[in-house]
Amino acid sequence: AQSVTQPDIHITVSEGASLELRCNYSYGATPYLFWYVQSPGQGLQLLLKYFSGDTLVQGIKGFEAEFKRSQSSFNLRKPSVHWSDAAEYFCVGGTASKLTFGTGTRLQVTL
Amino acid sequence: NAGVTQTPKFQVLKTGQSMTLQCAQDMNHEYMSWYRQDPGMGLRLIHYSVGAGITDQGEVPNGYNVSRSTTEDFPLRLLSAAPSQTSVYFCASSYNKGEHGYTFGSGTRLTVV
């Protein structure tokens, strides 16, 4: 069965520190992979996407993610976190017409 | 403004009542889908559609019906509301096969008492 795993439920980082959110996927073939962000009480915003080509993808708000086929991972990174980055982050795997969400990682940023 | 529009934003239902959550998109997207979001569970797929007249079940379809008579609209019907259907519902749409990402609506917060 297709699945996406985010092992960290909650992460706290200091403003200005670097960030890495982990994501592992289990699919028969390489799926489309996305990271979405959800601020409290808001909808979901697409940060970045991967479906082929360069394994290091750049997204909005200074985020990037690296696809590693050998590790079935698609970790999200940001070199310097801002207080406004506090939100919930979802790793998502997709095939034609369907998305499978991870359970999310809640990011808290301390000043 | 282009995007996915969901109505209503909030709704309280009594157990056994029926209602329809509306979803409309103006981007001419072929793919549309409904998800529910529950604490600690991410979003789970209820139903989806790959084009007008074509729908299929997702992971948690029981208690919900959908239809897709036009490209723009994809309503979700709750047949007989139950407290277990208390959730936040999101509609999403995508161009082609979804490899460019899905656009989500702002959600409907539903409470069944």
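Up top you'll find the structure we're talking about.
Give a detailed account of the packing of aromatic side chains, specifying residues and quantitative values.
Here the structure, examined in full by the defined rule, presents 14 aromatic pairs over all chains. Here the aromatic rings of Tyr25 of chain A and Phe67 of chain A are separated by 5.9 Å at their centres, their planes lie at 20°, and the arrangement is stacked. A residue pair is termed long-range when its members are at least 10 positions apart, and Tyr25 of chain A in strand β4 (residues 24–26) and Phe67 of chain A in strand β8 (residues 64–68) qualify at 42 residues. Tyr25 of chain A sits in the buried class, given a relative accessible area of 8%. Measuring from centroid to centroid gives 6.3 Å for Tyr50 of chain A and Phe74 of chain A, while their planes differ by 45°, and the two rings are tilted. One end of the pair, Tyr50 of chain A, is in strand β6 (residues 44–50); the other, Phe74 of chain A, is in strand β9 (residues 73–78), with 24 residues separating them in the sequence. Look at Tyr50 of chain A and you get buried, because its relative accessible area is 5%. The exposure class assigned to Phe74 of chain A is buried, which follows from its relative accessible area of 0%. Across the ring face of Phe74 of chain B, the terminal group of Arg68 of chain B is positioned such that the distance to the ring centre comes to 6.0 Å.

Which residues make up the sheet that holds strand β7 (residues 64–66) of chain B, and what values do they have?
Residues and elements named next belong to chain B. Reading across from one edge, β1-β3-β8-β7 is the order of the four strands in this open sheet, with antiparallel pairing throughout. The open sheet has two edge strands with one neighbour each: β1 (4–7) and β7. Geometrically, the sheet is characterised by an average inter-axis angle of 20° between neighbouring strands, direction not taken into account.

So, how was this worked out
Residues numbered from 1 in each chain as written. Chains lettered and ligands numbered in written order. Predicted model: local features only at pLDDT ≥ 70, side-chain atom pairs only at ≥ 80, totals over all residues. Heavy atoms only, no water. Phe/Tyr/Trp six-rings, centres within 6.5 Å; stacked < 30°, edge-to-face > 60°. Helix = DSSP H or I, 4+ residues; strand = E, 2+ residues; numbered from the N terminus. Buried < 20%, exposed > 50% of the residue type's maximum accessible area, 1.4 Å probe, protein only. Lys NZ or Arg CZ within 6 Å of the ring centre and 35° of its normal. Pairing = 2+ DSSP bridges. Axes fitted to C-alpha atoms, helices over the stretch in contact; angles between N-to-C directions.

From the geometry alone we can't say anything about function, so treat these as descriptive.
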